[in-house]
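# Results of the structural survey
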Amino acid sequence: MPAQEYLPFSPPCIGEDEIAEVTATLRTDWITTGPKTKQFEREFADYLDAPGALALNSCTAGLHTALATLGIGPGDEVITTPMTFAATVNVIEQVGARPVLADVEPDTLNIDPARVEAAVTPRTRAVIAVHYAGHPAELDALRALAARYSLALIEDAAHAIPARYQGHTIGGGANPVAFSFYATKNLTTAEGGMLTGDPDFLDRARMISLHGMSRDAWKRYDKGGSWRYEIVYPGFKYNMTDVQAALGLWQLRRLAEFQQRRRAVIARYQAAFGAHEEFQLPVERAHVEHAWHLYVLRLRPEATDVTRDDLMAGLAARNIGASVHFIPIHLHPYYRDKYGYAPEDFPVAYDAFTRMISLPLHPRLREEDVERVIDAVLDITAPVRLPKAA
Ligand SMILES: *Cc1c(COP(=O)(O)O)cnc(C)c1O
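Here, residues in each chain are numbered from 1, in the same order as that chain's written sequence. Side-chain atom pairs in this predicted model are given and counted only at pLDDT of 80 or more, local residue features only at pLDDT of at least 70, and totals for whole chains, interfaces and linings cover all residues. Hydrogens and waters are ignored; side-chain quantities use all the structure's heavy atoms.

To continue, consider the site of the ligand. One heavy atom within 4 Å of a molecule or strand is enough for the residue carrying it to be called near that molecule or strand. In the region of the ligand, 15 residues are neighbours, and Thr 60, Asp 156, His 159, Ser 180 and Lys 185 sit closest. Interatomic distance of 3.2 Å between a side-chain N/O atom of Lys 185 and an oxygen atom of the ligand. Look at the ligand: alone it shows 390 Å² of surface, and the protein chains cover 92% of it. Under the rule applied, a polar contact is a pair of N or O atoms within 3.5 Å (in protein, one hydrogen donor and one hydrogen acceptor; residues adjacent in sequence only if both atoms are side-chain atoms). Note on areas: Shrake-Rupley, 1.4 Å probe, and residue coverage restricted to the protein chains presented here.

What follows is the structure, given as structure tokens:
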């Protein structure tokens, strides 16, 4: 049988409108942060009904800037989840604070509010919740904790555009929420990010994100702008370019259509895998709207001898892209060695990691691609019984 063509895990979905807008931007005299970025910030804030938005060059930049703007630093503790990409935790180290991990809920794999409360100390300043795979974390419980212990609540919404919790859009509130427009995310600008939140907080974050300079560069170089500026903080260089914003403007307009296609793929996956006891399916709690950035399937070792690694190898052999989200933070050498973590310190995250796989999920998947993935997974996991010992 000839090898089937490679089915990518999460390729970008760039249309002619994006390409035309990028080209048009490159033909103007303003290619870095300028009018297109301002327009993208406005349209993004409108889309989420957010009080304000600050466009940056990554979600990592958004999280780092948020911590710096809150004045979090040495001596402070920030509670977050082990089930995330390293960027969420790296930024806590970068401001000199101590990351404190709290294990996740077994069904959503989101940070468990009860574990957060158990981890609070007099040094705790903030909680960073990650909306894992696009399923909102339990914000009501986290907000109540933040209020009770006077903590800032930061949301890593890299997966959560667009998502809703109790009817409210993620990013629609006054606390800092960071989005990612990395190449694999639901909406992409190749690299990029957005921080939403209170306008006064974002004014200071904007200054900190651009050298700690008291005026935007584009205002300085604009007609009638002044050459004067003042450095009031040793800031970062995290601004978004108008070339990226040109992509984002059209990606935002196509987001509803992208999500519709994601949901159709999800419905098919859930029906196909739900019929077999070997699988633990992802959930969508009744009071949330899931952004379905990832489709994370877990094997049930009590029902199959096939391992996650068998499944990964089988899909690779069939030319199907797959991934694992995530290798828990406490298993990475930097964190493991610095804080002396053992795998079982966060048993829910560790157990999920050993049996999880992320299947292809993106708007360009055709019906036949979805069936190919399902057939491959069912074929690889078809009951394999070990011979009974004599
Ligand atoms: C992708 C991702 C990030 C980082 O986003 P960048 O835009 O690449 O900085 C942060 N957190 C999570 C959970 C992610 O998946």
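The next subject is the domain arrangement of the protein. Domain boundaries shown here were taken from an automatic or database domain assignment. Domain annotation for the protein reports domain 1 (16-253) and domain 2 (255-384). Using only C-alpha atoms to locate each centre, domain 1 and domain 2 end up separated by 26 Å. Contact between two residues is taken to exist if any of their heavy atoms lie within 4.5 Å; hydrogens are not considered. Each side of the interface is counted separately: domain 1 has 43 residues, and domain 2 has 37 residues. Summed over both sides, the interface between domain 1 and domain 2 buries roughly 3,400 Å², with carbon and sulfur atoms accounting for 58% of that surface. As used here, buried area is the combined drop in accessible area, with a 1.4 Å probe, of two parts when they are placed together. It is Leu 101, His 135 and Asn 186 that lose the most area in domain 1 upon contact with domain 2, and together they represent 17% of the buried surface on that side. Should a side-chain nitrogen of Lys or Arg be within 4 Å of a carboxyl oxygen of Asp or Glu, the pair is scored as a salt bridge. Where domain 1 meets domain 2, there are five salt bridges.

By convention here, two paired aromatic rings are described through the distance between centres and the angle between planes. When the centres of two rings from Phe, Tyr and Trp lie within 6.5 Å, Trp using its six-membered ring, the rings pair. Their planes under 30 degrees apart give stacked, over 60 give edge-to-face, and anything left gives tilted. Summed over all chains, the structure comprises 16 aromatic pairs. Centre to centre, the rings of Tyr 269 and Tyr 295 are 4.8 Å apart; their planes meet at 40°, and the pair counts as tilted. With Tyr 269 in helix α9 (residues 242-274) and Tyr 295 in strand β12 (residues 295-299), this pair connects stretches of sequence that are 26 residues apart. Three exposure classes are used, based on accessible area relative to the maximum for each residue type with a 1.4 Å probe and protein chains only: buried under 20%, partly exposed in between, and exposed over 50%. On the basis of relative accessible area, Tyr 295 is assigned to the buried category, the value being 0%. Each ring, one from Tyr 339 and one from Tyr 341, has its centre 5.8 Å from the other, and the planes form 35°; the classification is tilted. For the pair formed by Tyr 339 and Tyr 341, the shared burial category is buried. An aromatic cluster of at least three residues, connected via ring pairs, comprises Tyr 269, Phe 273, Phe 279, Trp 292 and Tyr 295. Charges are assigned to positions over rings by a cutoff of 6 Å between ring centre and Lys NZ or Arg CZ, combined with an angular limit of 35 degrees from the ring normal. The cationic tip of Arg 253 hangs over the ring face of Trp 250; the distance from NZ or CZ to the ring centre is 4.4 Å. A run of DSSP states H or I qualifies as a helix once it reaches four residues; a run of E qualifies as a strand once it reaches two. Both are numbered from the N-terminal end.

Pairing within the open sheet is antiparallel, and its three strands lie in the order β7-β6-β11. Strand pairing shows two members of the sheet lacking a second neighbour, β7 (168-169) and β11 (288-289), which therefore form its edges. A pair of strands is treated as paired once DSSP finds two or more bridges between them. Pairing of strand β6 (residues 164-165) with β7 involves two bridges; the strand directions are antiparallel. Counted as the bridge partner of Arg 164 is Thr 169 from β7.

This brings us to helix α2 (residues 35-48). Residue count minus one, scaled by 1.5 Å, sets the expected span of a helix. With 14 residues, α2 extends 20 Å from end C-alpha to end C-alpha; this agrees with the ideal 20 Å at 1.5 Å per step. When α2 is considered as a whole, its buried residues turn out to be Lys 36, Thr 37, Lys 38, Phe 40, Glu 41, Phe 44, Ala 45 and Leu 48. Positive phi appears at Asp 49, one or two residues downstream of α2, with a value of about 60°.

Examined bridge by bridge, strand β2 (residues 77-80) and strand β3 (residues 98-101) share four bridges and lie parallel to one another. Its bridge partner being in β3, Thr 80 is matched across the sheet by Leu 101. The parallel pair β2 and β3 is bridged by helix α4 (residues 87-94), and the resulting crossover is right-handed. Clockwise travel from the first strand over the helix to the second, with the strands pointing away from the viewer, marks a crossover as right-handed.

Counting buried positions along α4 gives six out of eight residues, so the element sits mostly inside the fold. All of the buried residues along α4 are Ala 87, Thr 88, Val 89, Val 91, Ile 92 and Glu 93. Packing partners of the buried residues in α4 comprise α3 (59-69), β2, β3, β4 (124-130), β5 (152-156) and α11 (333-339). Just downstream of α4 lies Gly 96, where phi reads positive at about 90°.

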